[in-house]
Amino acid sequence: MRRRYFGRTTLFVLALLFSVIFLLPTVLTITNSFMTQSEIFANYGMIFDALRPGVGTYVSDSVTLKLIPDRVTIDQYLTVLFRSPLYLSMIWNSIILVVPIVTLQVGFAAFAAYSFTRFQSKFKNAVFFMYIVLMLMPHQVTIVPNFLVADWLGILGTRWAVIFPGVFAPFSVFLLTKFMRRIPSALIEAAKVDGANEWQIFTRVCLPQCRSALYSIAILVFFDYWNMVELPIVLLDDPEAQPLPVFLSTINANEAGIAFAIAVIYMIPPLLLFLHGEEALVEGITHSGSVKG
Amino acid sequence: MKELLGRFDNYRSRDRLSGYIWLAPSLLGVSVFYVIPFFIITYYSVIDSPLHGNFVFLDNFISLIDNSAFRLAARNTFSFSMRAVPLAVILSLLIALMLESRIPLKSQFRTFFLSPMLVPVASIVLIWQVLFHPNGAVNELLMILGWAGIDWMQSEHNQLVVVILFLWKNLGFNMILFMASLSNIPRELLETAEVEGAGAIQKFFAIKIRYLSPTLLFVTIFSLINSFRIFREVYLLTGDYPYDGLYFIQHFMNNIFRRLDYQRLAAAAVLMAIVMVIIIATLFIAEHRFGKDVEG
C-alpha cells in the first residue's frame, strides 16, 4: 500500500514538472509583453542583434530571463492596437487568408463526406483512399503542384494562390467522413421513410448530428493555418501581404518590445477557441487517430 | 488499410449520379490543385525542359541526388526525423500512461499538456531564442548544475533545440490519441491480469501494447509528417538561411522556387512522394503483422 502511495506521489510531482515545462514558454511570452520597452532592450536586446546582424542597435551583452516585469505597462499593446496600423494589418493578412480557408474547407468537406458516407462504390472508395494519401503528403510534395496551378491560373502572388490549396486540402474530408460514418443508418432510414429527400437528410439529420465534429475540425484546421508559413512564403510575393507569423520572424531589435505584444495578441483567437472547445478538440483528435471506422 | 477506410457496410450505393454531385465540388478542387498538377510534375521530372520535352528518364533525379545542398538537406531532414519521431511517440505514450494512473488534477494536466497546440509557434520563438541563447536561461541552468554552457543555435546541438520545440508542440496531440486508445482496452482483461499477479510493466507489454498498436502506427505516421513540417519552426527561429544543421528539404525547395528550376522541383517533389509512400506502406505492413491478433 505504502509503495503505491509513494509511486503516485512521484507521478504527481513528475506531472507538475512537465506542466511547468509545457506552460513556461507561453506564460513567459505573456508576462514579457507587459514589460517596458527599455526593460526588454536591457534584457534581450542582444538576441535580436545577433540574429540579424546590422539590423538592430547594440544594446546589452547579457540575456536575463525574467518572469515578472519590473514595471508593468500596456504601452506595447497601445502601440500595436492604436498607434501603428502596420501590425494590425499583418494580423488582418492572417485573418483574410485563414477565415475563407477554414469555412470553405469544412463546407466543401461536409458535402464530400456526405457523398463518401451515403453513396459508396468501389470507385468512391478508391477516391477516398487517394484523399488519405494526399493528406499524408508533406508540404514539400504538395507545394510544387500548388505553385504550378497558381502560375497557370495567373493567381501566383495573390492571396488566391494560398486560399485555394487550403480550401481543398483533404484533411477535413477525411475526418468528417469518419464522423459521418458513425451516424446510425437507422436514423437516415427513418428520415427516408418520412419522405425526406437527400438535401433534407443532409441538412436535418446529418449536419445536426455532426455539429460537434464540424466544430472540432474547424478548430484543428484553424490552428494549422493560423500558423502557416510554407505556402505564403512561396506563393505570395508581396512582403506586405504575408501573414503575421512570417512578419514576426523578420522583426528586429527596435521592435522587440512590440513583438511580445503582437505575439500575445496573435495567441488570443486560438486561445479562445481552445478554452471554449477543448472537449470538442479532444474528440476531434481522438477520431483523427482512431484507425477503425 | 481497410480499417482506415472505415465501415463500408453501413449504406449501400443507391443513386450513383446523385452521389457524384455531392462529391463534385471537393473532387474538382482536389483534382485541379493537387492531383492533375502532380501528374504533370511527374512528367516534368523525366523530361529535360517543358519547352523541348525530351525524355531523359532519371537524369533529373540523378542530378538532384548529386547536388550537395540537396544531400545536406536530405541528411538533416532524415536525422531530425530519426531523433524527433521516436521521442515524440515514446514520451507521449509515457505521459498518457502517467495520466491514466490515479493522480489528482488529471484533467488540468491534460489541458496543460495540450496547450502548446494552440500557441502559434511565431508567438513563442522569441522566448525560445531567449532560452537557448549562449547567455540564455538554459545555459545558466546547465552552469548551475556544473556543466559547460553550449552555443545552441550555432553548433551541432541546434537540431536538439528544434527537437525540443517539436516535442513541446506535438506531444499533447499524440497524448490524446494514446489516452483514447488506452481507455478502449477491456477493463476485465487488465483486472484478470492483476489478479494473476501481473505488475504494471508486465501488463503494459503483455496487454496494452497490443491494443495500442494501431494507435502507435498512427501516432508514428502523424509525427513523421509533422517532423517534415519542422521547416516552419526553423524558419521562424532562423529565417531563410539557417546554420548547416538546420538546412532542411523545404529550405532547398524554397531556393529552387526562387530560380524556377521546374525539373529539379518536380524531381524533388516526386522523389519525396515516393519516399513517403514507401515509409507509410512499411509502417502499415509492420502494424498489420504485429497487431493482427487483437483486431476484430
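It should be emphasised that the depicted structure is a prediction, and the values quoted were computed from it without experimental measurement. (Residues numbered from 1 in each chain as written. Chains lettered and ligands numbered in written order. Predicted model: local features only at pLDDT ≥ 70, side-chain atom pairs only at ≥ 80, totals over all residues. Heavy atoms only, no water.)

S.K.: So, the overall build of chain B: which residues are in play, and what are the values?
M.R.: Helix and strand counts for chain B come out as 13 helices and 0 strands. Scanning chain B from its N terminus toward the C terminus, one meets helices and strands in the order α-α-α-α-α-α-α-α-α-α-α-α-α. Along the longest, intermediate and shortest principal axes, the C-alpha atoms of chain B span 75 × 70 × 30 Å. Out of the 296 residues belonging to chain B, those deemed buried represent 54%. Across chain B, the 23 positively charged side chains and the 21 negatively charged ones have centroids separated by 5 Å. (Helix = DSSP H or I, 4+ residues; strand = E, 2+ residues; numbered from the N terminus. Buried < 20%, exposed > 50% of the residue type's maximum accessible area, 1.4 Å probe, protein only. Lys, Arg positive; Asp, Glu negative; His and termini not counted. Charge placed at Lys NZ, Arg CZ, Asp CG, Glu CD.)

S.K.: Talk me through the interface of chain A and chain B; I want residue IDs and the actual numbers.
M.R.: Many descriptions give the size of an interface as the accessible area lost when the pieces come together. Tallying the contact residues gives 113 residues for chain A and 103 residues for chain B. Summed over both sides, the interface between chain A and chain B buries roughly 10,300 Å², with carbon and sulfur atoms accounting for 73% of that surface. Linking chain A with chain B are 5 salt bridges, by the criterion used here. Salt-bridge contacts for B:Arg110 lead to A:Glu278; the nearest nitrogen and oxygen are separated by 3.5 Å. The interface formed by chain A and chain B includes 16 residue pairs in polar contact (both at pLDDT 80 or more). Considered class by class, the residues forming the side of chain A that touches chain B number 78 nonpolar, 20 polar and 15 charged. (Contact = heavy atoms within 4.5 Å. Buried area = accessible area lost by both parts, 1.4 Å probe. Salt bridge = Lys/Arg side-chain N within 4 Å of Asp/Glu carboxyl O. Polar contact = N/O pair within 3.5 Å; in protein donor to acceptor, adjacent residues only side chain to side chain. Nonpolar A, V, L, I, M, F, W, Y, C, P; charged D, E, K, R; others polar.)

S.K.: An account of the confidence of the model for chain A is requested, with residue identities and associated values reported.
M.R.: All names here are of chain A. Taken over all residues, the pLDDT of chain A has a mean of 85, while the share at 70 or more is 89%. By mean pLDDT, helix α2 (residues 37-51) is the weakest element of chain A at 66, and helix α7 (residues 160-167) is the strongest at 95. The low-confidence segment residues 52-59 (pLDDT under 50) makes 15 contacts with residues lying over four places distant or belonging to another chain. (pLDDT = per-residue confidence, 0-100.)

S.K.: Residue-level account of the packing of aromatic side chains, with values.
M.R.: In total, this model carries 42 aromatic pairs over all chains according to the counting rule given. Residues A:Phe18 and A:Phe22 carry aromatic rings whose centres are separated by 6.4 Å and whose planes lie at 50 degrees to one another, so their mutual orientation is tilted. Of this pair, A:Phe18 and A:Phe22 both sit in helix α1 (residues 2-32), 4 residues apart, roughly one helical turn. The partly exposed category is assigned to A:Phe18, whose relative accessible area is 24%. An angle of 55 degrees between the planes, with centres 5.1 Å apart, marks the rings of A:Phe22 and B:Phe113 as tilted. You can see A:Phe22 sitting in helix α1 and its partner B:Phe113 sitting in helix α5 (residues 106-114), one on each of two chains. (Phe/Tyr/Trp six-rings, centres within 6.5 Å; stacked < 30°, edge-to-face > 60°.)

S.K.: Mind laying out the side chain of A:Thr26, listing which residues take part and the relevant values?
M.R.: You can see A:Thr26 is positioned in helix α1. Among residues more than four places away in sequence, those in contact with A:Thr26 are A:Met267, B:Val119, B:Ile124 and B:Trp168.

S.K.: Just give me the short version of the packing of helix α6 (residues 121-131) of chain B against helix α8 (residues 158-182) of chain B, but keep the residues and values in it.
M.R.: Residue and element names in this part refer to chain B. The geometry of α6 relative to α8 is characterised by a closest axis approach of 12 Å and an angle of 135 degrees between their N-to-C directions. Taken together, α6 and α8 sit at an angle that is classed as oblique. Classified by chirality, the crossing of α8 by α6 is right-handed. The residues of α8 that touch α6, namely those facing Val 121, Ile 124 and Trp 128, are Val 161, Ile 164, Leu 165, Trp 168 and Lys 169. Split by residue class, the contact of α6 with α8 holds 7 nonpolar, no polar and 1 charged. (Axes fitted to C-alpha atoms, helices over the stretch in contact; angles between N-to-C directions. Parallel < 35°, antiparallel > 145°, perpendicular 65-115°, else oblique. Left-handed = near helix turned anticlockwise from the far one by under 90°.)

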